[in-house]
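Letter by letter, the chains look like this.
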Amino acid sequence: MKEVRKLGARDVALEVLMQVDRANAWSDGSLKRTIAKNKLDSREAALATRLSYGVIQNKLLLDYYISCYCTQKAEKLESVIRNILRIGGYQILFMDKIPHHAAVNEAVEMTRRANRPKAAGMVNAVLRKFVANWMNMPALPGATADYLSVRYSHPKWLVERLMELLGPEEAEAYFRMNNEIVPTTIQTNTLKTTAEELEKELRHAGVTVEKHPWLPGCFEVSATGDLESLPAFTEGRFMVQDAAARLVATIAQPAPDAKVMDVCAAPGGKSFALAIDMKDQGQIVSCDIHPHKLKLIESGAQRLGITSIRAAQADGREPHAAWQQTADLVVADVPCSGLGIIRKKPDIRYKNPKELAQLPAIQLAILKNASTYVRSGGTLIYSTCTVLPEENEAVTEEFLAKHIDFELESFALPLPIGKQKGHLTLWPQRFGTDGFYICRMRRK
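The notes below deal with the structure included here. Everything quoted here is computed from the prediction, not taken from an experiment.

**Details of the pairing of strand β5 (residues 259-262)**
Taken together, the four bridges between β5 and strand β6 (residues 283-288) define a ladder with parallel strand orientation. Pairing of lysine 259 across the sheet is with glutamine 283, part of β6. Between the parallel elements β5 and β6, the chain passes through helix α14 (residues 269-277) in a crossover that is right-handed. Of the strand pairs in this sheet, β5 and strand β8 (residues 327-333) are connected by three bridges, and their pairing is parallel. Bridged to valine 260 within β8 is leucine 329.

**Considering the sheet that holds strand β4 (residues 238-240)**
Pairing is antiparallel in the open sheet, where four strands are placed in the order β2-β3-β1-β4. The open sheet has two free edges, formed respectively by β2 (208-211) and β4, since each of these has just one partner strand. If you compare each strand with its neighbour and ignore which way they point, the axes differ by 35 degrees on average. The pairing of strand β1 (residues 184-188) with strand β3 (residues 218-222) spans four bridges and is classified as antiparallel. If you follow glutamine 187 over to β3, its bridge partner there is cysteine 218. Of the strands in this sheet, β1 and β4 are in contact with α14, which crosses β4 at around 150 degrees.

**Observations concerning the environment of arginine 116**
With respect to the helices, strands and loops of the structure, arginine 116 is situated in the loop between α6 (100-113) and α7 (120-133). For the pair formed by arginine 116 and isoleucine 81, sequence separation is 35 residues and the distance between their alpha carbons is 8.3 Å. Beyond its immediate sequence surroundings of up to four residues, arginine 116 is in contact with Glu78, Val80, Ile81 and Thr111.

**Observations regarding the side chain of serine 286**
Within the secondary structure, serine 286 is located in strand β6. According to the relative accessible area criterion, serine 286 is buried, its value standing at 0%. Every residue in contact with serine 286, bar those within four places of it in the chain, is listed here: Asp262, Ala265, Ser271, Leu294, Ile297, Ile309, Arg310, Ala311 and Ala312.

**Digging into the nonpolar core**
Among the nonpolar cores identified, the biggest contains 62 residues, and Leu162, Leu247, Leu274 and Leu426 are the most heavily contacted of them. A per-element tally of this core places helix α13 (residues 243-252) first, with eight residues. Leu47, Ala48, Leu61 and Leu127 belong to the second-largest nonpolar core, a separate cluster that totals 47 residues.

**Description of the environment of isoleucine 251**
Tracing the sequence through the fold places isoleucine 251 in helix α13. With 24 residues separating them in the primary sequence, isoleucine 251 and alanine 275 have C-alpha atoms 14 Å apart.

**Side note on helix α8 (residues 144-152)**
Residues that lie three or four places apart on an α-helix share one face, since the helix turns once every 3.6 residues. Taken as a whole, α8 has its buried residues at Ala145, Leu148, Ser149, Val150 and Tyr152. Residues of α8 that are buried in the fold lie against α3 (42-57), α4 (59-69), α9 (156-166) and α10 (168-178). Backbone geometry just downstream of α8 places serine 153 in the positive-phi region, at approximately 55 degrees.

**Notes on the pattern of salt bridges**
Applying the stated criterion to the full structure yields 30 salt bridges. The shortest N-O distance in the salt bridge between arginine 440 and glutamate 409 comes to 2.6 Å. Of this pair, arginine 440 sits in strand β14 (residues 436-443) while glutamate 409 is found in the loop between β10 (406-408) and β11 (411-413), placing the two residues 31 residues apart along the sequence. According to the relative accessible area criterion, arginine 440 is buried, its value standing at 6%.

**Some points on the side chain of glutamine 429**
Tracing the chain through its elements places glutamine 429 in helix α19 (residues 428-431). Here the side chain of glutamine 429 touches glutamate 170 through a polar contact of 3.0 Å, side chain to side chain.

**A short note on the packing of α13 against α14**
At a minimum axis distance of 9 Å, the contact between α13 and α14 shows a crossing angle of 40 degrees. Here α14 runs oblique to α13, going by the angle between their axes. When you trace α13 past α14, the crossing you get is right-handed. The residues of α14 that touch α13, namely those facing Ala245, Arg246, Val248, Ala249, Thr250 and Ala252, are Lys270, Ala273, Leu274 and Asp277. Class assignment of the residues belonging to the contact of α13 with α14 gives a composition of six nonpolar, one polar and three charged.

Conventions and cut-offs
- Residues numbered from 1 in each chain as written.
- Predicted model: local features only at pLDDT ≥ 70, side-chain atom pairs only at ≥ 80, totals over all residues.
- Heavy atoms only, no water.
- Pairing = 2+ DSSP bridges.
- Helix = DSSP H or I, 4+ residues; strand = E, 2+ residues; numbered from the N terminus.
- Right-handed = clockwise from strand over helix to strand, strands pointing away.
- Axes fitted to C-alpha atoms, helices over the stretch in contact; angles between N-to-C directions.
- Contact = heavy atoms within 4.5 Å.
- Buried < 20%, exposed > 50% of the residue type's maximum accessible area, 1.4 Å probe, protein only.
- Core = buried A, V, L, I, M, F, W, Y, C linked by side-chain atoms within 4.5 Å.
- Salt bridge = Lys/Arg side-chain N within 4 Å of Asp/Glu carboxyl O.
- Polar contact = N/O pair within 3.5 Å; in protein donor to acceptor, adjacent residues only side chain to side chain.
- Parallel < 35°, antiparallel > 145°, perpendicular 65-115°, else oblique.
- Left-handed = near helix turned anticlockwise from the far one by under 90°.
- Nonpolar A, V, L, I, M, F, W, Y, C, P; charged D, E, K, R; others polar.

Below you can see the structure in the form of structure tokens.
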């Protein structure tokens, strides 16, 4: 029986990029599966990850340069050749520890392994032009929106929308940050340990740990290797959660004995943060429409030692009579465009804007239904991981206009954020968090 050849880091990156192109797959899931299938060691896995994400983060820029040096425009090339050129070009322009000749030679060999021997000469010629000009690449488009779109590889519609919201200078800071390496933020599980003890344990394990600049009990970690293999993770002493998502629980401020509903809970991070804040007292019902996602909530709660959470299958848009006006707190972290987490999921930027236009109606329907579960005097939290007002303020404003029994309620957060009049958009370039929107409302 012929043995299946295991792919190296560059070929794994190529396979991931091809899956993203062919099947519209998400790069993070595809990368995880392909690395596992080919049993890459940690060094090779890190290289495959860097190449995959790096190409996606710089795809429009790389294609622009490829088009400058190739007789065909990048979009006219066969997908496998285009992706091999992107991988080679990315190494030459962005990875100073890989010799240029190695990047070129590997790309030529990848072309042959992909059964495209006739294209090997063209790949060699194009990438040699990258090498010859890497310090003086062709000029980018002059118009501001076109320049920002190519330079930071964000589609033009998104560039124009963000320029409207922020102005060109801050929009550029947002795009730049989306392409930078992001430290992983973790939260201490105070049901099992203290922040001080967790910090000591992680340092002892060789992890680079920094206290979060302004959020108590949270750390930014790097040099972790496989984070989920650390005993501190497997034994539930911390969970991975960005500071922005963590603020949902901070803003909600549930009492320890509260009855809580999280209507779009999977994979469970916000429910877990609420349970930790409530000292694992009270009751939390964590809902999702998909049965397999309920298992993620249950296994996460078990790892963290949380007993106050019950997972329940439910569509956030469909009313449940038994839940009407029973909850002290309802959290609706609704499906959204995800444009606030581009720095962690780089392919989100290439979503079809026509599909995104359908989201506010779904978000409003979930918010309306979730509001019926809030008791008199109870709290309703609406949140998204996007920065677009049409999915954020526009939804909550329409809801409040039609539901006069609810009103915005102010809240205070640690500096540099401070006091807010009921809702807040977090921006990566301002606060170092994911892009996020959180609104706190109270039923009168």
